[in-house]
Amino acid sequence: MIAKYKIISLILIPISLCPRAKAQDVYYVTAEIYQGELIPSLLLPEFTLFQPLVFKSEKQLREYNRLVRDVKKVLPYAKGVSRMLVETYEYMETLPNEKEKKKHLGAVQKFVMDTYKPKMKNLTKNQGKILVKLIDRECNSTSYEIVKSLVGSFKATVWNVFAGLFGNSLKQEYDPYGKDGLIERVVIQVEQGQI
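None of the values given here were measured: they were computed from a predicted structure.

### Re the layout of surface pockets
One way to see where empty space is left: roll a probe the size of a water molecule over the atoms. Taken as a whole, the largest pocket encloses approximately 1,100 Å³ of empty space. Breaking the lining of the largest pocket down by element, the ones donating at least two residues are α2 (58–94), α3 (98–121), α4 (125–139), α5 (143–151) and α6 (153–165). In terms of residues, the lining of the largest pocket owes the most to one element, α3, which gives seven residues. By residue class, the composition of the lining of the largest pocket is 20 nonpolar, five polar and four charged.

### Notes on the pairing of strand β2 (residues 28–34)
Every regular strand shows the same layout, with side chains that alternate between the two sheet faces. Here five bridges tie β2 to strand β3 (residues 37–41), and the two strands are oriented antiparallel to one another. In the sheet register, Glu32 faces β3, and the bridge partner there is Ile39.

### Some remarks on the packing of aromatic side chains
Per the counting criterion, the structure on display carries one aromatic pair. Between Phe55 and Tyr64, the aromatic rings sit 5.4 Å apart at their centres with planes inclined by 45°, giving tilted as the arrangement. Above the plane of the ring of Tyr144 lies Lys171, whose end atom (NZ or CZ) is 4.6 Å from the centre.

Calculation criteria
- Residues numbered from 1 in each chain as written.
- Predicted model: local features only at pLDDT ≥ 70, side-chain atom pairs only at ≥ 80, totals over all residues.
- Heavy atoms only, no water.
- 1 Å grid on protein atoms, 1.4 Å probe; cavity = no way out; pocket = protein on both sides within 12 Å on 5 of 7 lines; lining within 4 Å.
- Points joined across faces, edges and corners; volume = space filled by probe spheres on them.
- Helix = DSSP H or I, 4+ residues; strand = E, 2+ residues; numbered from the N terminus.
- Nonpolar A, V, L, I, M, F, W, Y, C, P; charged D, E, K, R; others polar.
- Pairing = 2+ DSSP bridges.
- Phe/Tyr/Trp six-rings, centres within 6.5 Å; stacked < 30°, edge-to-face > 60°.
- Lys NZ or Arg CZ within 6 Å of the ring centre and 35° of its normal.

Structure below.
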């Protein structure tokens, strides 16, 4: 009897259980035998439920909506930078010598400047500040440390001074449990598709 159930390792989920499913979508899931019954076994993604926010004024609501807009705009850039760094360092580990590593680093630097510089020019001051924090969140390194590893400490210092002219700092660290708690909340909700 058990061997019979092992053959049926996949079953269909009714479409009504999948809110984003279309009529033609088919979802296969594993099944387990529990007290003699064949039951679908699903691994659901983590979901964080937050208490509703209460705004004391229209101004606070507008600021929150602006924060949501800004996070949605810069979060893909922060994730892209993180992916690019991981790929770059993994690839550099395969290169045979320092000359090849410097050559590749130069190519990456050119790519980053060509790809991101035009986009960064269109960011507002607040979006730039959020981006610096989200890069720290995604990479576990401040923007200053990343720039320093790519272009050297002198250029990183120059870029940090330039950022300081606009009220920003590349050395800023992300604090999800303190001053950046609301940003963290918005990021989680965006990642989970809640907003």
